[in-house]
Amino acid sequence: MCGIVCYVGKKQAKPILLDGLKQLEYRGYDSAGVAVQQGSDIDCYRSVGKIAELERKLNGLEINGTTGIAHTRWATHGEPTEENAHPHSDQDENVFVIHNGIIENYHMLKKKLEKQGIKFRSETDTEVLAQLIGLNYEGSLNEAVRKTMSQVEGTFGVAVIHKDVPDEIVIARRGSPLIIGVSEDGHFAASDVSAMVRYTNKVVHLEENELATLTADGFSMSTAQAKPIERSMETVEWRIEDAELDGFPHFMLKEIYEQPETIKNALRGRLEPGEGVPKLGGIMPVWDTLKECRHLVIVACGTSYYAGCVGRYLFEKLTEIDVEVELASEFRYRKLNFPPNTFILALSQSGETADTLAALREAKRKGASLLGVVNVVGSSISRETEAGVYNHAGPEIGVASTKIFTSQLAILTLMALLLGRHQNLSLTEGVEAIRALQALPDQIKTVLSQANHIEAVAEQYYKCGNWLFLGRKYNYPIALEGALKLKEISYIHAEGYPAGEMKHGPIALINPDMPTVAVVPRDDMYEKMISNIQEIKSRRGPVIAIATQGDEKIREIADEVIEIPETLQYLNPILSVVPCQLLAYYCASFLGRDIDKPRNLAKSVTVE
Ligand code: M6R
């Protein structure tokens, strides 16, 4: 979604800001802009489309200045036009503002300002912020932003410069993340560390309702009530190389191939094979209450939600805990009663998904304890949960989530195993689980070695406009995830179904032009899945089976077979999802789609 990058320091701001914007491209956007300040001159340029468009516009122009703010916009209020792109200014063009989030009372504020004779140039909620800051400015930009914060409702991460205050950027946060970057050559602010990690890995997080003033030599932070804040610096682990393609045509493919490594990272230092009990330091702060937990609610969105759906089966298999899985965006509409000692577990790659954050806050209000499994260190969800586990999977750049899904499944297995061993799970079962987890990285490599075959299958079917994905039990969420992967990057319509539901409706769709991907490993659902596949074949529907290595029976029934190595039944999803990811990738590739930045989608969904 929208992205912010700012710089004030000793170097020229323009190249730093453009580079930062390119690092933010993966979040999804439809227009971009930059404002660079030199003394009391501010040059502002905006354009619709890719950053390359903005770069073309700036090409050959003398834009000097060591202070600047830049933005990628994902349209919420007003179409993606140049007028609606950020930065926005007040009517006298003194103040320039970039903004992530939504100002909920902007309509009322706009009407009020228009009555005072203020002329608006865009349809955005952000312009209201710029106009208000301009009106509130009486010599201190920090004070003007603080006063404006008290007038607006909604969410924001904002960065502001003013003609009268050269070499100073004021930033403020409510509900939309902002991070300060510290380097010898100056200071950065960004919505995402990837925008500044080329220049520094020393960061300070701005918390809710806080402001900061950045200059070349330092920065100061304060609360909305003007109380000064001291906060220690953190070091981020991500490197700029992690955000580069490394010879792969797309980040999505690179990230699919990273899975043997990201599974190792999820397990590293966390396995105790002899005891059959994993070690999860991140949840130890709440262990005394967690070990007595009998009710767990997993909340998440999109792919993370599907990981949660597998998680429910994992916890039910390995523990005595009752588990519910909730779409975070629907959570607040449920009348959930939390028995004592209920834990809420949020799953999120970005750690910034607005719906997941809102669900956590609602659950906290109702007295539940909060846990997280998050990839982005220091993200809002990691900060608002009491304890949790990091994926340590490096940045996921492709909008379609892949490596984080399998990493989430590995971590959920560890969590369930830890709790299960504390309850009734035997040493033998614990040891068996850990051995099976350790084998997964090489087994994923075996699946990846069939990429050419999967590409050939995709080539045969990518022109089909409708696909069905079927699975049962552990692999029902894989059917959902397989369908989501296909639709989001190839724009092919796909539906994921529990195979048992076929006869209750979807079987009416089956015809020779509608392929079904059947996730059918050899497990206790196998025979039932085979019956479902036979039903599809009787109606001349093509079947692509994802099956266990060496399964000869399935070869006689299905049109195509993609093999996965044998593992414990509940670990099958970590392997069976990989062919689904590759099928989606190759279909999208044959269709010439913008795989890493599919239309209308954003990497980090920071609006509800
Ligand atoms: O960052 P999160 O894991 O919280 O994101 C949740 C969803 O927005 C995300 O999984 C989305 O569905 C992806 N596009 C799926 O590939």
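Residues numbered from 1 in each chain as written. Predicted model: local features only at pLDDT ≥ 70, side-chain atom pairs only at ≥ 80, totals over all residues. Heavy atoms only, no water.

### Describing unusual backbone geometry
Thinking step 1. Note that the residue after H86, namely P87, is joined by a cis bond; omega there is 0°.
Thinking step 2. Tracing the backbone shows P87 in the loop between β4 (67-73) and β5 (88-89).
Thinking step 3. Phi at A226 takes a positive value of approximately 70°, unusual for a residue other than glycine.
Thinking step 4. Mapped onto the fold, A226 is located in the loop between β13 (219-223) and β14 (228-229).
Thinking step 5. With relative accessibility at 39%, the residue A226 sits in the partly exposed group.
Thinking step 6. Look at H392: it is not a glycine, yet its phi comes out positive at around 50°.
Thinking step 7. Within the element layout of this structure, H392 appears in the loop between β20 (387-390) and α13 (403-422).
Thinking step 8. Since its relative accessible area comes to 30%, H392 is described here as partly exposed. (Helix = DSSP H or I, 4+ residues; strand = E, 2+ residues; numbered from the N terminus. Buried < 20%, exposed > 50% of the residue type's maximum accessible area, 1.4 Å probe, protein only.)

### A closer look at the domain arrangement of the protein
Thinking step 1. Here the protein is partitioned into domain 1 (2-240), domain 2 (245-441) and domain 3 (450-608).
Thinking step 2. Taken together, the contact pairs 7 residues of domain 1 with 8 residues of domain 3.
Thinking step 3. Together, the buried faces of domain 1 and domain 3 total about 840 Å²; carbon and sulfur atoms form 59% of this surface.
Thinking step 4. Per-residue buried area on domain 1 facing domain 3 is highest for Y26, R27 and W74; these three make up 50% of the total on that side. (Domains from an automatic or database assignment. Contact = heavy atoms within 4.5 Å. Buried area = accessible area lost by both parts, 1.4 Å probe.)

### Remarks on the nonpolar core
It is characteristic of soluble globular proteins that their nonpolar side chains tend to be buried jointly.
Thinking step 1. Within the largest apolar cluster, 96 residues are counted, with the highest numbers of intra-cluster contacts made by M415 and W467.
Thinking step 2. At 12 residues, helix α19 (residues 572-590) tops the list of elements feeding residues into this core.
Thinking step 3. Looking at this core, you find at least three residues from each of domain 2 (245-441) and domain 3 (450-608).
Thinking step 4. If we ignore the near neighbours within four places in the chain, the residues touching M415 are L280, I283, F315, L345, L371, V373 and V389. (Core = buried A, V, L, I, M, F, W, Y, C linked by side-chain atoms within 4.5 Å.)

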